[in-house]
Amino acid sequence: MPFLGQDWRSPGQSWVKTADGWTRFLDEKSGGFVGDISSFRKKDDHNKENLFNTINYDVAAKKRKKDLLNNKAKTQYFHQEKWIYVHKGSTKERHGYCTLGEAFNRLDFSSAILDSRRFNYVVRLLELIAKSQLTSLSGIAQKNYMNILEKVVQKVLEDQQNIRLIRELLQTLYTSLCTLVQRVGKSVLVGNINMWVHRMESILHWQQQLNNIQITRPAFKGTTFTDLPLCLQLNIMQRLSDGRDLVSLGQVAPDLQVLSEDRLLWKKLCQYHFTDRQIRKRLILSDKGQLDWKKMYFKLIRCYPRKEQYGDTLQLCRHCHILSWKGTDHPCTANNPETCSTSLSPQEFINLFRF
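As the structure is a computational prediction, the values presented were derived from the model and not from experiment.

Caption draft 1: Molecular detail of the sheet that holds strand β6 (residues 341-344). The strand order across the open sheet built from 4 strands is β3-β5-β4-β6, with neighbouring strands paired in antiparallel fashion. Unpaired on one side and paired on the other, β3 (83-85) and β6 mark the two borders of the sheet. Across the sheet, the mean angle from the axis of one strand to that of its neighbour is 25°, orientation sign disregarded. Two elements, strand β4 (residues 314-317) and strand β5 (residues 322-325), share 3 bridges in a ladder whose sense is antiparallel. Across the sheet, the residue bridging to glutamine 315 is serine 324, located in β5.

Caption draft 2: View of unusual backbone geometry. Although it is not a glycine, glutamine 160 adopts a positive phi angle of roughly 60°. Assignment of secondary structure puts glutamine 160 in the loop between α6 (139-159) and α7 (163-182). Judged by its relative accessible area of 28%, glutamine 160 is partly exposed. Of note in the backbone geometry, histidine 321 takes a positive phi value of approximately 60° without being a glycine.

Caption draft 3: The arrangement of the packing of α6 against α7 in detail. Remark: α6 packs on α7, axes separated minimally by 10 Å, with the N-to-C direction vectors making an angle of 150°. The orientation of α6 with respect to α7, classified from their angle, is roughly antiparallel. Note on packing geometry: the crossing formed by α6 with α7 is left-handed. Contacts from Tyr145, Met146, Leu149, Val152, Val153 and Val156 in α6 reach Ile163, Ile166, Leu169, Leu170 and Leu173 in α7. Along the lines of polarity and charge, the residues of the contact of α6 with α7 split into 11 nonpolar, no polar and no charged.

Rules behind the numbers
Residues numbered from 1 in each chain as written. Predicted model: local features only at pLDDT ≥ 70, side-chain atom pairs only at ≥ 80, totals over all residues. Heavy atoms only, no water. Pairing = 2+ DSSP bridges. Helix = DSSP H or I, 4+ residues; strand = E, 2+ residues; numbered from the N terminus. Axes fitted to C-alpha atoms, helices over the stretch in contact; angles between N-to-C directions. Buried < 20%, exposed > 50% of the residue type's maximum accessible area, 1.4 Å probe, protein only. Parallel < 35°, antiparallel > 145°, perpendicular 65-115°, else oblique. Left-handed = near helix turned anticlockwise from the far one by under 90°. Contact = heavy atoms within 4.5 Å. Nonpolar A, V, L, I, M, F, W, Y, C, P; charged D, E, K, R; others polar.

See the structure below:
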């Protein structure tokens, strides 16, 4: 079986034995025919020039490859796929397992952050990886993680949306890196320590950029939110799933401050995120003897995880073990492929690769 790899015999070149030893010359024909030595000697200067150019080309190619793989590379050099097969074990056809880093590299997360339905899902996934799974990623996956994070930050800086969400993500990642860098002697991070210090400096720079954002008021002079009837304002506010958004909205105008304190609004928010059993364990009464749903909400989010809901998620086909974004067709052999697919939360996606 021939060896498939980098061979010293490259196309259009041959080694010829001379008085000074073996020398590599360019063939006169592409078919690999080597001319007589005298003809090479007559064209010695020409051959030396071609040989020099060939060596320079090889050096330039290796340099480009090195530049592509070094820390400053911003492009993603791996192949993006619409779906991947999640290995459950070694077989004759497939060997090894599909790791979290492999799935993170092969699935198209760069395009997903441009989709408003998938943006929050990807950000939540980045946050969970930053908390506990960063060291399980390969070097390429860690570099890919930072490249995607940079694209997320740039998108937020341009759109001026989801600022608080990205601030929390950067703070979580920076805190985790501070802990991991101190344990670098245990080889918990892939790469040189200076590279990770540089990445931490980039995180601090991104945080500074987010803090300096000045949200400009739009020039639109038509109907505003406060011009709507109160029933419509309350209906819109009930669509907010984060209590901090309600508090921020109440700081816009005095009338909105009154609406943001509505007890029914906070009651529905608590019932949406938490179970009745969890609510009963954290009852808080106001001075009037009524349940203070607003205080109960902020108490509950410190004790229990909130309900997560996303416009679009990754899904796993239980029949063929294929992982893909929702709505992406894959070659499923089941009779009813739609009934075999299960949506995965970001935490379930990570747990999928814990064998």
